[in-house]
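Structural overview
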Amino acid sequence: MKVPVCDLKAGYAPIRDEVLKAIGECLEGMQLFLGPNVQAFETEWADYCRVSQCVGLASGTDALVLLLKACGVGRGDEVITSPFTFFATVEAIGHVGATPVFVDIDPQTYCLNPSLLEAAVTARTRAVIPVHLYGHPAEMDPINAIARRHGLRVFEDAAQAHGAEYEGRRIGSLADAAAFSFYFTKNLGTYGEAGAVTTDDEGIAQALRELRNHGETSKYVHDRIGYNNRLDEIQAAILRIRLPLLDEYNSRRREIAARYNEALSDTSLILPSEASWAKHVYHLYVVRSTRRNALAEHLTEREIGFSLHYRCPCHLQPAVTELTGKPPSLPVAESAAEQVLGLPMYPQLTDEQQDYVIEAVRAFEQA
Ligand SMILES: *Cc1c(COP(=O)(O)O)cnc(C)c1O
């Protein structure tokens, strides 16, 4: 048996006809940008996230960059974030000319540790970007409280947590605004590039609508230097087909996680945890092992896919130390980077496939 870490073809098969029909309709209509599908998806995604505004963008990275731009974050400013995230979070901060400042993570949630946040705030800090990593929400209330005390913006990086909840509230509605990615491997993904920002702040939403479309405020009038960062109609049409499946697929991910948890509970692995205030949506199912590299080799021999998110934390990346100088010591993130491994996780994973993975991991433990 062969088990991939994520099986995109298995997700496509049940919606194939609908997707091809929707793409066909976009092409017949030849209304390819800022048309009916983008408009409808923005309403549907805002409703899903329980906010008033959604702006569709070309990617999750663009969502982060444009949010910082829209809120005037730029040269000379500092933005606090987690070192243990996909590089795009930090890249966005660099793109607007600001400096990333890293706060170590909580060892249970792998998200920014709120108890270390306040010490990192300086006179130059303008914003905080907590990341809801692997599908588990960051602890937002204490982060928002500290930010409020210091007059900082808070932007959620929600790229890995579509549908997750914090204290019963939806991810995407918990701060000034949230950036989503719909990259094809995410819990809600398209078959190309797409992203969005959700917010209750009409000013931010308006700024983003201008920025994504060359700063245009009315036909041929450009009030600011913008970008070409629009969500396109074909991607929006595909997202509208996949959105109604999101809750069912997240439930299935939670079932798979529960099954892994039970089958691996007596091993030496540290299993993912779900805080009492959290609803985890298991974008990834990530275990920790002090023998991670040997486990990876063992899985490779059995043709089982895995992921190493993230093998090098952002504060140690060459492109980042160029901006920050000597990197800080962030022991929790650094140790996680050496020990984490994501096991196969996708809604169509069968019990037989999962049993094969579980057997392989248990055999490694006994070896
Ligand atoms: C995927 C991802 C992004 C970037 O999204 P793209 O759509 O690929 O640009 C940003 N942050 C995190 C945490 C991500 O996982």
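Residues numbered from 1 in each chain as written. Predicted model: local features only at pLDDT ≥ 70, side-chain atom pairs only at ≥ 80, totals over all residues. Heavy atoms only, no water.

Next up on the list: the sheet that holds strand 12 (residues 278–279). Whenever strands of a sheet pair, they do so through backbone hydrogen bonds, lying parallel or antiparallel. The three strands lie next to each other as 7-6-12, forming an open sheet whose pairing is antiparallel. The open sheet has two edge strands with one neighbour each: strand 7 (169–170) and strand 12. Of the pairings in the sheet, the one linking strand 6 (residues 165–166) to strand 12 comprises two bridges and is antiparallel in character. Paired with Glu165 across the bridge in strand 12 is Lys279. (Pairing = 2+ DSSP bridges. Helix = DSSP H or I, 4+ residues; strand = E, 2+ residues; numbered from the N terminus.)

Bringing the side chain of Asp106 into the picture now. Turning to its location among the elements, Asp106 is positioned in the loop between strand 3 (99–102) and strand 4 (125–129). In this structure, Asp106 is buried with no salt-bridge partner, the nearest side chain bearing the opposite charge being Arg288 at 8.6 Å. At 3.0 Å, the side chain of Asp106 and the backbone nitrogen of Thr109 are in polar contact. (Buried < 20%, exposed > 50% of the residue type's maximum accessible area, 1.4 Å probe, protein only. Lys, Arg positive; Asp, Glu negative; His and termini not counted. Salt bridge = Lys/Arg side-chain N within 4 Å of Asp/Glu carboxyl O. Polar contact = N/O pair within 3.5 Å; in protein donor to acceptor, adjacent residues only side chain to side chain.)

What follows concerns the sheet that holds strand 1 (residues 53–57). With respect to topology, seven strands assemble into an open sheet ordered 1-9-8-5-4-2-3, the strand pairing being mixed. Each edge of the open sheet carries a strand with a single partner, namely strand 1 and strand 3. Going from strand to strand, the sheet's axes swing by 25° on average, the running direction of each strand aside. Helix 4 (residues 60–70) contacts strand 1, strand 2 (78–81), strand 4, strand 5 (153–157), strand 8 (177–181) and strand 9 (195–199) of the sheet and is inclined by roughly 155° relative to strand 8. (Axes fitted to C-alpha atoms, helices over the stretch in contact; angles between N-to-C directions. Contact = heavy atoms within 4.5 Å.)

Below, the discussion takes up the packing of helix 4 against helix 5 (residues 87–95). Between helix 4 and helix 5, the least distance of the axes is 9 Å, while the angle of their chain directions is 35°. The chirality of how helix 4 crosses helix 5 is right-handed. Between helix 4 and helix 5, the residues in contact are Thr61, Leu64, Val65 and Leu68 and Ala88, Thr89, Glu91, Ala92, Ile93 and His95, respectively. A breakdown of the residues in the contact of helix 4 with helix 5 according to their chemical character gives six nonpolar, three polar and one charged. (Left-handed = near helix turned anticlockwise from the far one by under 90°. Nonpolar A, V, L, I, M, F, W, Y, C, P; charged D, E, K, R; others polar.)

What follows covers the packing of aromatic side chains. According to the stated counting rule, one finds 15 aromatic pairs in the structure shown. One aromatic cluster is present, built from ring pairs that chain together Phe41, Trp45, Tyr48, Phe180 and Phe182. Above the ring of Tyr48, the side-chain terminus of Arg170 is found at 4.1 Å from the ring centroid. Of note, Arg230 hangs over the ring of Phe33, and the distance from its end group to the ring centre comes to 4.0 Å. (Phe/Tyr/Trp six-rings, centres within 6.5 Å; stacked < 30°, edge-to-face > 60°. Lys NZ or Arg CZ within 6 Å of the ring centre and 35° of its normal.)

Under the criterion given, the structure shown has four cavities of 30 Å³ or more. There is about 140 Å³ of room inside the largest cavity. Here the lining of the largest cavity is built from residues that sort into seven nonpolar, four polar and four charged. (1 Å grid on protein atoms, 1.4 Å probe; cavity = no way out; pocket = protein on both sides within 12 Å on 5 of 7 lines; lining within 4 Å. Points joined across faces, edges and corners; volume = space filled by probe spheres on them.)

The next thing to look at is the site of the ligand. Around the ligand, 14 residues are found, and the nearest of them are Gly60, Thr61, Asp157, Ser181 and Lys186. Take Ser181: an N or O atom from its side chain is 2.6 Å from an oxygen atom of the ligand. Here Lys186 contributes a side-chain N or O atom positioned 2.6 Å from an oxygen atom of the ligand. Contact with the protein chains removes 93% of the 380 Å² of surface that the ligand exposes when unbound. The cavity where the ligand resides is the largest pocket. Elements with a contribution of two residues or more to the shell around the ligand: helix 4 and helix 5. Residue classes in the shell around the ligand are distributed as five nonpolar, seven polar and two charged. (Near = heavy atom within 4 Å. Areas by Shrake-Rupley, 256 points an atom, 1.4 Å probe, with all protein chains shown as cover. Sits in = over half its atoms within 2 Å of the grid points.)

Within the span of helix 12 (residues 331–339), buried status applies to Ala333, Ala336, Ala337 and Gln339. Close packing links the buried residues of helix 12 with strand 13 (285–288), helix 10 (292–301) and strand 14 (340–343).

The next thing to look at is the layout of surface pockets. Here the largest pocket defines a volume of roughly 540 Å³. If you trace the largest pocket, you find 31 residues lining it, with Phe86, Tyr183, Thr185, Lys186 and His283 closest to the centre. Mapped by element, the contributors of at least two residues to the lining of the largest pocket are helix 4, helix 5, strand 8 and strand 14. Considering only residue class, the lining of the largest pocket consists of 15 nonpolar, 12 polar and four charged.

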